[in-house]
Amino acid sequence: MSLTPTKKTPSEKVRTWTLLLIPDRDQVDVLQCIIDVGQVRIGLVAGAAVVGLTLLGLRGVSWVPGGGPGRAELVTENLMLRQQLQQIESQLDQADATMQRVQLYDAQLRDMVRDNPVRPGSGPVDEESEGLADEYLDYDEDHPGFEERDGPVSLEAEELRPAESWAEQVMVRTDAYVARLEALEPRLGLLTEDMEDLLSIQAAFPQVWPAEGTFTSGFGYRRSPINNTRKFHSGVDIAAPRGTRVVAAASGVVQMADYNSGYGRMVEIDHGYGIVTRYAHNSSVYVRKGDWVDAGQVISTIGTTGQTTGPHLHFELMIDRQQVDPLEYLPH
Amino acid sequence: MRITSCGVTDVGMKRTNNEDNYLINDELNLFVCCDGMGGHVGGEYASAIAVNTVEEVLASIDSDEQIELPDVSEPVDRSREKLRYAVRLAGKRIFEKATAEPEYKGMGTTALALMIDGSNFLIAHVGDSRGYLLREGRIEQLTEDHSLVNEKVKAGVLTAEEAKTHKLRNIITRSLGYMEEVEVDLQVRAVRRGDKFMLCSDGLSNLVSTAEIGEIMQRHGPQHASRKLVQMACERGGDDNVTVVTVRVDEL
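Rules and cut-offs
- Residues numbered from 1 in each chain as written.
- Chains lettered and ligands numbered in written order.
- Predicted model: local features only at pLDDT ≥ 70, side-chain atom pairs only at ≥ 80, totals over all residues.
- Axes fitted to C-alpha atoms, helices over the stretch in contact; angles between N-to-C directions.
- Helix = DSSP H or I, 4+ residues; strand = E, 2+ residues; numbered from the N terminus.
- Parallel < 35°, antiparallel > 145°, perpendicular 65-115°, else oblique.
- Left-handed = near helix turned anticlockwise from the far one by under 90°.
- Contact = placed C-beta atoms within 7 Å.
- Nonpolar A, V, L, I, M, F, W, Y, C, P; charged D, E, K, R; others polar.
- Core = buried A, V, L, I, M, F, W, Y, C linked by C-beta atoms within 7 Å.
- Buried ≥ 20, exposed ≤ 12 C-beta atoms within 10 Å, placed from the backbone.
- pLDDT = per-residue confidence, 0-100.
- Pairing = 2+ DSSP bridges.
- Expected span 1.5 Å × (residues − 1).

### Looking at the packing of helix 1 (residues 42–60) of chain B against helix 2 (residues 75–100) of chain B
Helix packing geometry: the angle between the two helix axes and the distance between the axes.
Residue and element names in this part refer to chain B.
Step number 1: Running from amino to carboxyl end, helix 1 crosses helix 2 at an angle of 140°, the nearest separation of the two axes being 8 Å. Taken together, helix 1 and helix 2 sit at an angle that is classed as oblique. Every pair of crossing elements has a handedness; the one defined by helix 1 and helix 2 is right-handed. Where helix 1 approaches helix 2, its residues Ala46, Ile49, Ala50, Thr53, Val54, Val57 and Leu58 are matched on the opposing element by Lys82, Tyr85, Ala86, Val87, Leu89, Ala90, Arg93, Ile94 and Lys97.
Step number 2: When grouped by side-chain class, the residues that make up the contact of helix 1 with helix 2 number twelve nonpolar, one polar and three charged.

### Some details on the nonpolar core
Step number 1: Ranked by internal contacts, the top residues of the largest apolar core, which has 67 residues, are Val32(B), Ala50(B), Val87(B) and Ala113(B).
Step number 2: Not counting chain neighbours up to four residues away, the residues in contact with Val87(B) comprise Val54(B), Ala111(B), Ala113(B), Ala124(B), Val126(B) and Val184(B).
Step number 3: Judged by nonpolar contacts, the second largest core, of 27 residues, contains Ala249(A), Met266(A), Tyr279(A) and Val293(A).

### Details of the confidence of the model for chain B
Step number 1: Predicted confidence across chain B gives a mean pLDDT of 93, with 100% of residues reaching 70 or more.
Step number 2: What the predictor reports for the complex is a pTM of 0.61 with an ipTM of 0.70.

### Digging into the interface of chain A and chain B
Step number 1: Facing the 15 residues of chain A at the interface are 17 residues of chain B.
Step number 2: The biggest single contributor to the side of chain A that touches chain B is helix 2 (residues 71–115) of chain A, with nine residues.

### Looking at the packing of helix 6 (residues 210–219) of chain B against helix 7 (residues 222–235) of chain B
All names here are of chain B.
Step number 1: In contact at an axis separation of 8 Å, helix 6 and helix 7 are set at 150° when each is read in the N-to-C sense. What the angle tells us is that helix 6 and helix 7 run roughly antiparallel. Helix 7 is crossed by helix 6, and the crossing has right-handed handedness. Between helix 6 and helix 7, the contacting residues are Ile213, Ile216 and Met217 on the first element and Ala225, Lys228 and Leu229 on the second.
Step number 2: Across the contact of helix 6 with helix 7, the residue classes tally to five nonpolar, no polar and one charged.

### Digging into the sheet that holds strand 7 (residues 130–135) of chain B
Residues and elements named next belong to chain B.
Step number 1: Strand order in the open sheet formed by five strands is 1-11-10-7-8, and the pairing between neighbours is antiparallel. Taken across any chain shown, the strands that pair with only one partner, and hence form the sheet edges, are strand 1 (2–10) and strand 8 (138–141). For this sheet the average axis-to-axis angle between neighbouring strands, irrespective of direction, equals 15°.
Step number 2: Of the strand pairs in this sheet, strand 10 (residues 196–200) and strand 11 (residues 242–251) are connected by five bridges, and their pairing is antiparallel. Bridge pairing in strand 11 links Cys200 to Val244.

### Some details on the confidence of the model for chain A
All names here are of chain A.
Step number 1: Overall, the predicted model of chain A reaches an average pLDDT of 73, with 65% of residues at or above 70.
Step number 2: Within the model, pLDDT remains below 50 along residues 57–66, and this stretch shows seven contacts once partners closer than five positions in the same chain are excluded.
Step number 3: Of the regions scoring below 50 in pLDDT, residues 118–158 engages in 44 contacts with residues more than four places distant in sequence or in other chains.

### Details of helix 5 (residues 163–204) of chain A
Step number 1: Between the first and last C-alpha of helix 5 of chain A there are 60 Å, a value that for 42 residues agrees with the 62 Å anticipated at 1.5 Å per step.
Step number 2: Every buried residue of helix 5 of chain A is listed here: Leu191(A), Asp194(A), Asp197(A), Ile201(A) and Ala204(A).

### A look at the pairing of strand 8 of chain B
Look at any regular strand and the pattern is simple: side chains alternate between the two faces of the sheet.
Residues and elements named next belong to chain B.
Step number 1: Here strand 7 runs beside strand 8; their pairing, made up of four bridges, is antiparallel. In the strand pairing of strand 8, Arg135 is matched with Arg138.
Step number 2: Counting the residues between successive antiparallel strands, the hairpin from strand 7 to strand 8 contains two residues, one of them, Glu136, with a positive phi of roughly 50°.

Below, the structure is given as structure tokens:
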């Protein structure tokens, strides 16, 4: 008798074996039988399972003498419990995937908050909250993670696993999971606050052009059109017919709506975070000090009040009381 | 086969370090663009691991008997599996590094790889780095972003126009490094003489439109096109690192 693998290449595992029964004398045929290793394994597992469950059943019977649940019921119950455990494990796997995605978003949002160089004015983003940001930047070290498992557990192993220690493993995993979620929650809370700060800072900058018209003069030194001397131009000029609508470049509170000899009828809007916009030479003004305006809301019309040579809007952007070039902040 | 290509990367106008990495390998006809992220040093490291691993795997896979690829008969399917394996291994290496060493915790990268193989081109991607093809004067975006806003566009919650200016447009849903096993999107199509490809990080695609990309690629050769595109992104604010790899198939 000899036992030889039917198929063998260096890279492949042996799948089937051929069992040859060779008689001592020549006249009888050689008996050949091909054994599939997989089938054998399944057979072994099935056998072991039957033995195991039978033992369990017997134990059950010995614990509950007379009138207790029958063996068949115990076997069914055992199978059901095993199925439930399997279900819980696959749910945990799904939760794992979700957690990984959350961590991916978390990392990216933190990058966004950290990379954003905008820190103007006296808004709520200060040293203290930056410190907080640092606090949640390094995380995780103390929190239990999952033990990595070596690939999917095969059905055979599943069947052979003792139910008690298996259930214990699932419990440990669940506990670790809950701990990790609990650790993540405050981090996400802090992150949300920082993101809100970041987004409201961004919203405080000009979102829309204050008027439609011809861009006639930029920010910086220029020859004054009034008296032809070299003068600093503190904003940008947009020329348009008298009566053209002027809108708030971003949402905010009107901090001034008044007349000024140079600027004429002018409006100033405070957008928070030290960001203020100024609209000058209006013909009519529709807002009053203290009004809340949305980005894009009409606040006045273009005119020639104050020192002008023709109807246009003079638009200024100030960050911490410093005039800056609005073109750098206006949308392209 | 004769291919002309050129890669350009720039830190941009706002960032202090460049987390992008790209690769051109003329022997393998392999072009890779990766946009790293996470932590102070992690991003650059993750994208470097990615480009190096993809190159290393594709250069050695045919002589390496340890690697088992799915059993496929067609050569083109084999190439596809090789590329998939290379990108997945890169992801695995980054994941392991990020898990083992605290200073690299949370690092990840996008991956975009183009391989021209005989009569086909293969493109593999994870994340929001994009591949474009200019063929017969028409520009086509080859890859679909794995990003939060793109998911919302597909779900009909957001229009494509809104997505372009969405505050969270840079958040990606798939990346190398966060998951031990990552799903890689792969395409194989026939390549034609005269095809022009462009691989880029979102530092470019956020600031330069598809139509503009097509125009520049149509008008210029790889060297000029790559430089011109990077320059355009920088002029428009350069919010992020910008990387462009342009490839032209001169002869098959």
